[in-house]
There are 2 protein chains.
Amino acid sequence: MKVAKFGGSSLANGAQIQKVIDIIKSDSNRRIVVVSAPGKRKDTDTKVTDLLIKYCNTVSQGEDITGIQNKIIKRYQAIAGHFGLPDTALEPIVEGITKLATQVFPSRAYQMAAFKAAGENNNAKLIAAIFNHQQIPAEYLDPKTIGLTVTDVPDDAQILPSSYEKLAQTLTQRTKVAVVPGFFGYNTSGEVCTFSRGGSDVTGAILARAVAATEYENFTDVDAIYAANPNIVPNPKKITNLTFREMRELSYAGFSVFHDEALIPAIEGKIPVVVKNTNHPSLPGTLISEHKKINHDDVVAGIASDSGFTGIYIRKYLMNKQVGFTLKLLEILAKLNISYEHMPSGIDDLTIIIRSNQLTPELETQIRAEIESEIHPDDFQIQHNYTMVMIVGEGIQDRVGTMAAATASIAQAGVSIVMVNHGASPVSITFGIRTADADAAVQGLYDTFIAHQPIEIFAEKTF
Amino acid sequence: MKVAKFGGSSLANGAQIQKVIDIIKSDSNRRIVVVSAPGKRKDTDTKVTDLLIKYCNTVSQGEDITGIQNKIIKRYQAIAGHFGLPDTALEPIVEGITKLATQVFPSRAYQMAAFKAAGENNNAKLIAAIFNHQQIPAEYLDPKTIGLTVTDVPDDAQILPSSYEKLAQTLTQRTKVAVVPGFFGYNTSGEVCTFSRGGSDVTGAILARAVAATEYENFTDVDAIYAANPNIVPNPKKITNLTFREMRELSYAGFSVFHDEALIPAIEGKIPVVVKNTNHPSLPGTLISEHKKINHDDVVAGIASDSGFTGIYIRKYLMNKQVGFTLKLLEILAKLNISYEHMPSGIDDLTIIIRSNQLTPELETQIRAEIESEIHPDDFQIQHNYTMVMIVGEGIQDRVGTMAAATASIAQAGVSIVMVNHGASPVSITFGIRTADADAAVQGLYDTFIAHQPIEIFAEKTF
């Protein structure tokens, strides 16, 4: 049995959905279909999820909802029209979207979750109806019906491990194709809670794990996962195979093709994941699985980069002698609910790299005050605009010269390295680079490790 | 005013002490002399401090002390004999060493501190007597008399900042050369507490800061600080100038010429430190000061290495999502009184590098148990036999290509890098290397950065 998840661009209009229908028809193993909300039809379009957020805000502010409500309903009407569905098929969708405005929720956060989830939920109802209309016996399944129960965090829920047994029971031995909305589940009180944004991938992975699928197919609008961001490196190579560990590091550091949290259920269940293009389903795409054949000429699988980091630098003499020093520092950050990404520490120096979006000017002032009063540093600086550039590949750690080739590539690009994190993960090395230099560093690393261009910087050179 | 500290080898016998006398006579600014205990006269000799430790243990075990007591006294007698001192000059020394056996101490730790400190204390009395005998007006000054008050840790004390004012009062405007024993002070109850081993350097630095000395001269048995360990790299270059920051990093990572804690008072007081050889006092030695002229061809000042590290590797999916994850881990370590040196952390992986000497098999079992039960890791390994190899130099961070040259050198030596810590300190980069490979890495780095041999590894090579 295969689970196939389709992203927003694959479901944006009738023409795209026709491709989905053809894909489902072409392989009778595709028994479970997970759908996103309708995405953009063209660059200037608005995703249904974003319309729903606006709808929710309009309701909250007590303003006139007619315009935004109709805009959303029209998106579903347009799709139904393309397939010539009877009006009755649209009724539950129109009703679902309309009644949101008058529903009562335990809090604003649950309200927003329910509005956002409506994008996927109504799309699943519509797709099931279209499938049936097109002679694919299908049924819409509410996450509540199948037992997709999640933690009680309205906008960042996680699956409750106890759900898997129920999901397995409800999803196996069905005769019809199951169409399940992605992105959300229900807490134990029956309220909608969503995964973090892009979380339809997560739903697909959970269902694939629950039914022990032979494959989890993730249909999107790219032919494969690329070895680098096409906005930085022109025409990057496609990746054929990735291990779970490689994919996890890449998606964490800016590879947005596949939601990083979606990998966990796949890893736990050892379910192979295939990223494919709805528009070119015959292409092999990228296979992500537990193991891959290591090609020693391709030690680096991909190069990722992610901007928006801030470094908190602290110097204090004899810092290293205090067993609880870092502890005290992390307590300050934990109290302010700030998580850190990297923390290179020396004898008297410590740099904490955090995501800048966790900071506000007020919070920065508070961090300064707390550190000054609790830690009494000899030197203390907060530096913004760092980008983390990461090379990822199985066996990177033990290959002599990987670091040398990486740093030579960055040097050849004329870029200095502010931070290195190597030794945490066996499959990645992270370089802290000033954001202005980051793209040059990515291109340099790509040229060396993916395009295999010779590095000549140290030829006959002394240092 | 200069403070001159002499190490154990400079005071091991009469011939060596004659050199010290000549040094003091040659510069009338040398007003404060800090002395170690007599060191080894030849390789097979035993340092007086080690004899005193044995003496203390013999007393504790209620065994016959005559032999060991005499052995210690004879070391001082031999020196006194060399200079033809009258017997009366030795009396306070013999009495001081003898009465230790019957003195009562608050605990075993204070007893050991007092025994060990007796090496320096009696040597100071003797040197003062010899100076006077040789027409250098001098006086022995007990750390208690001058107000060298320290924290109440018998074997790892630190100066109380409040001491400085008293020290300044008692040490300035003296007409005679002050001879002060190194290595120890007194707690506020009047008990002897020592600095950590080799702590005479610390005493010298404290006194230099207290009197705002123009220079703190540290006399030892090497011509200068070398750019690498001569046991690893044959005939390494001498270092002419170091900044405080550079020296601190180097001494932390295996450079044993100068005690790393001794730098703190010098840094605080901005007192230039000169490391010189008692046997070749006309050589310039190594000057350590706040600033130095940066030579852009010599971006690395020195290469250090220190073995005996252990890595604790933990993998746990979504680790990064828990704000308090590292906190919990550090709490476990702090509870077991284990400090860490480096902590590279990735998305799901964390490696904690600690000094192996903090571990016992029991403690390792306890760490395992605590981490298993508190953290529930997906993977968990303890790996021994790591060495930290460090390159140190002002401006290392901003120089494009430093990392590249460093890692190329290590690769050229056929060594793979397990960990990199770069970004904590602006003047150093640390590489975690398997101990078996460490010397090769040091030699490779030396060849590149100190000997300026060309690196050719990436010439015409693709990766």
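First, a word on what this report is: a plain description of the structure on this page.

Analysis parameters
Residues numbered from 1 in each chain as written. Chains lettered and ligands numbered in written order. Predicted model: local features only at pLDDT ≥ 70, side-chain atom pairs only at ≥ 80, totals over all residues. Heavy atoms only, no water. Buried < 20%, exposed > 50% of the residue type's maximum accessible area, 1.4 Å probe, protein only. Helix = DSSP H or I, 4+ residues; strand = E, 2+ residues; numbered from the N terminus. 1 Å grid on protein atoms, 1.4 Å probe; cavity = no way out; pocket = protein on both sides within 12 Å on 5 of 7 lines; lining within 4 Å. Points joined across faces, edges and corners; volume = space filled by probe spheres on them. Core = buried A, V, L, I, M, F, W, Y, C linked by side-chain atoms within 4.5 Å. Contact = heavy atoms within 4.5 Å. Pairing = 2+ DSSP bridges. Axes fitted to C-alpha atoms, helices over the stretch in contact; angles between N-to-C directions. Least-squares fit on C-alpha atoms with pLDDT ≥ 70 in both. Phe/Tyr/Trp six-rings, centres within 6.5 Å; stacked < 30°, edge-to-face > 60°.

This part covers helix H13 (residues 402-412) of chain A. At 3.6 residues per turn, the α-helix brings residues three or four places apart onto the same side. Residue and element names in this part refer to chain A. Buried residues dominate H13, accounting for 10 of its 11 residues. Buried within H13 we find Thr 402, Met 403, Ala 404, Ala 405, Ala 406, Thr 407, Ala 408, Ser 409, Ile 410 and Ala 411. Just downstream of H13 lies Gly 414, where phi reads positive at about 75 degrees.

Attention now moves to the layout of surface pockets. Residue and element names in this part refer to chain B. Put simply, the second largest pocket is a space of about 1300 Å³. Considering the residues around the second largest pocket, the lining is formed by 46 residues, among which Arg 197, Gly 198, Gly 199, Ser 256 and His 259 are closest to the centre. For the lining of the second largest pocket, the secondary-structure elements that each account for two or more residues are helix H8 (200-210), strand E7 (215-220) and helix H9 (244-252).

Core analysis: the largest hydrophobic core is formed by 267 residues, its most contacted members being Phe 131 of chain A together with Phe 131 of chain B. Contact partners of Phe 131 of chain B, with chain neighbours within four places excluded, come to Val 20, Ile 21, Ile 24, Val 33, Ile 136, Ala 138, Val 177 and Val 179 of chain B. Formed by 46 residues, the second largest nonpolar core is a distinct cluster that contains Ile 314, Leu 330 and Leu 359 of chain A together with Ile 375 of chain B.

Strands belonging to one sheet form pairs held by backbone hydrogen bonds; the direction of such a pair is parallel or antiparallel. Residues and elements named next belong to chain B. In space, the eight strands of this open sheet follow the order E3-E4-E2-E1-E7-E11-E12-E10, with mixed pairing throughout. Pairing within the sheet leaves two strands with one partner each, and these edge strands are strand E3 (138-140) and strand E10 (241-243). Adjacent strand axes in the sheet meet at a mean angle of 20 degrees when their direction is disregarded. Direction of pairing for E10 relative to strand E12 (residues 286-289): parallel, over a ladder of three bridges. Pairing of Leu 242 across the sheet is with Ile 288, part of E12. Along the sheet, H9 makes contact with E10, strand E11 (273-277) and E12, crossing E10 at roughly 90 degrees.

Further remarks concern the relation of the copies chain A and chain B. With an RMSD of 0.1 Å, chain A superimposes on chain B once it is rotated by 180 degrees and translated 0.0 Å along the axis. These values place the two chain copies in the arrangement generated by a two-fold rotation axis.

Residue and element names in this part refer to chain A. Going through the model one piece at a time under the given rule, you end up with six aromatic pairs over all chains. Between Phe 6 and Phe 219 the ring centres are 4.8 Å apart and the planes differ by 10 degrees, which places this aromatic pair in the stacked class. Within this pair, whereas Phe 6 is found in strand E1 (residues 2-6), its partner Phe 219 is found in strand E7 (residues 215-220), the two being separated by 213 residues in sequence. Just as Phe 6 is buried, Phe 219 falls in that class too. Considering the side-chain rings of Phe 184 and Tyr 186, the 5.8 Å spacing of their centres and the 70 degrees angle between planes classify their relative orientation as edge-to-face.

Keep in mind these numbers describe shape, not what the thing actually does.
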